[in-house]
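Commentary on secondary and tertiary structure
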Amino acid sequence: MANRITLTQFIIEQQRELPGVSGTFTLLLNDIVTACKKISHLVNRGDLIGVLGSAESENVQGEVQKKLDIITNDIMINALNWTGHLSGMASEEVDDIIKIPGQYPKGKYLALFDPLDGSSNIDVNLTVGTIFSILRCREGVDPTLEDFLQKGSDQVCAGFVLYGPSTMMVLTTGHGVNGFTLDQDIGEFILTHPNMTIPNETCEFAINMSNQRYWEAPVQRYIDECLQGEEGPRGKNFNMRWVASLVAEVYRILTRGGVFLYPFDLRDPAKPAKLRLMYEANPVGFIIEQAGGACSTGRERILDLKPTGLHQRVPVVLGSKSEVERIVEYHKAD
Ligand code: F6P
């Protein structure tokens, strides 16, 4: 117990070995940690403090907001806008980029976040999370939209906090993936899952089967072959999971392998995919690749995409490398 490494210690030690990473980055990460501890507390208190339920408003995506969507968005903004570590922010809940108020100094990073991912799960007491991505920003500039539209491969850091049976933070700075569990007694994240790696082979897939009729042929083929089990071309039985909370699905895949698909679909031609590039696909893609997995649209590597908008949606196929590669092959063969 005496040798337990806190997240702050871990980051400072990692930083010493990385030329070009300054102490500001550690401070920024601590700002995010503080916000996420507050969110963890609220999620955990739930109906005792009246934070569950709908806010009866819509976000920029036209989705009905939960009260906690709004509260957690405010927590993130208020924890990050005054510290001098950022020159701007973007949130899944906010239409435009979020500027740093004029009275505060600006830093050299940009933060993008989904304050409460999977929030449709909040009222049924299932796991939700906060996802974040940190980018560099040209120093001394007032960032414009274009400064935010960087490829996923340019991320300095990505992470998510999982509010589940335990509160956990999963983090990468481009040197592997590490998991930290919040010790509620001392209020610190402790390194509990060093060097997380995704098994290459898997027998588990996650997809929202209710959309099957809208999928393209390569995804139909892949899932059909999984469902045929031992009798089919894969020669083995598959298990299926769908939590409807990206952070929970990604955490499961980091722990025991598997593949997750939210593919291109034809339900609504205006929204041919569901997940957001900047707030979901890029950060989890960075984490998944750093853990030895792969992340693709089915046709392109997610981290290679040049973003066209803050709220752009993309198809996502992620998880164990061999399965993602197989799905990409099926798309090529189509
Ligand atoms: O984008 C929000 C999100 O809740 C993800 O966390 C999750 O993977 C997905 O949507 C669930 O989608 P559906 O509502 O189709 O099950």
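Preceding this paragraph is the structure being described.
Note that the structure is a prediction, hence the values are computed from the model and not measured. (Residues numbered from 1 in each chain as written. Predicted model: local features only at pLDDT ≥ 70, side-chain atom pairs only at ≥ 80, totals over all residues. Heavy atoms only, no water.)

1. Observations regarding the pattern of salt bridges
Using the criterion set out here, one finds 16 salt bridges in the structure. The salt bridge involving R256 is made with E204; its shortest N-O contact spans 2.9 Å. With R256 in helix α6 (residues 246–256) and E204 in strand β10 (residues 204–206), the pair connects residues that are 52 residues apart, well separated along the chain. Accessibility expressed as a relative area gives 44% for R256, which makes it partly exposed. Of the residues examined, E204 reaches a relative accessible area of 8% and is grouped as buried. The salt bridge partner of E249 is R252, with a shortest N-O separation of 3.0 Å. Pair noted here: E249 and R252 are both in helix α6, with a separation of three residues, about one helical turn. For R252, a relative accessible area of 11% puts it in the buried group. One network of salt bridges, in which partners are shared, links E204, E249, R252 and R256. (Salt bridge = Lys/Arg side-chain N within 4 Å of Asp/Glu carboxyl O. Helix = DSSP H or I, 4+ residues; strand = E, 2+ residues; numbered from the N terminus. Buried < 20%, exposed > 50% of the residue type's maximum accessible area, 1.4 Å probe, protein only.)

2. Describing the sheet that holds strand β7 (residues 167–172)
On the basis of which strands lie adjacent, the open sheet formed by seven strands has the order β3-β4-β5-β6-β7-β8-β9 and mixed pairing. Of all the strands in the sheet, the pair left with one neighbour each is β3 (86–91) and β9 (188–193). Across the sheet, the mean angle from the axis of one strand to that of its neighbour is 25 degrees, orientation sign disregarded. In the sheet, strand β8 (residues 177–183) pairs with β9 via five bridges, with the strands oriented antiparallel. Directly across from T181, in β9, lies its bridge partner I190. With respect to the sheet, helix α3 (residues 67–80) is in contact with β3, β4 (109–117) and β5 (128–136), its orientation differing from that of β4 by roughly 160 degrees. (Pairing = 2+ DSSP bridges. Axes fitted to C-alpha atoms, helices over the stretch in contact; angles between N-to-C directions. Contact = heavy atoms within 4.5 Å.)

3. A closer look at the state of the cysteines
Within this structure, the stated rule accounts for zero disulfides. Lacking any disulfide linkage, C226 is separated from the closest cysteine sulfur, that of C203, by 9.1 Å. Free of any disulfide, C295 has its nearest neighbouring cysteine sulfur in C157, separated by 17 Å. (Disulfide = S-S within 2.5 Å.)

4. Regarding the sheet that holds strand β12 (residues 259–262)
Here five strands make up an open sheet; going across it, the order is β11-β10-β12-β14-β13 and the pairing mixed. Every interior strand has two partners, whereas the edge strands, β11 (239–240) and β13 (294–296), have only one. Bridge count between β10 and β12: two bridges; the pairing is parallel. If you follow F205 over to β12, its bridge partner there is V259.

5. Here we look at the environment of L18
Summarising the element assignment, L18 is placed in the loop between α1 (7–16) and α2 (23–45). Overall, L18 belongs to the buried group, its relative accessible area being 17%. Expressed as a C-alpha distance, the spacing of L18 and H175, which sit 157 residues apart in the sequence, is 9.8 Å.

Purely spatial values, then, with no claim about function.
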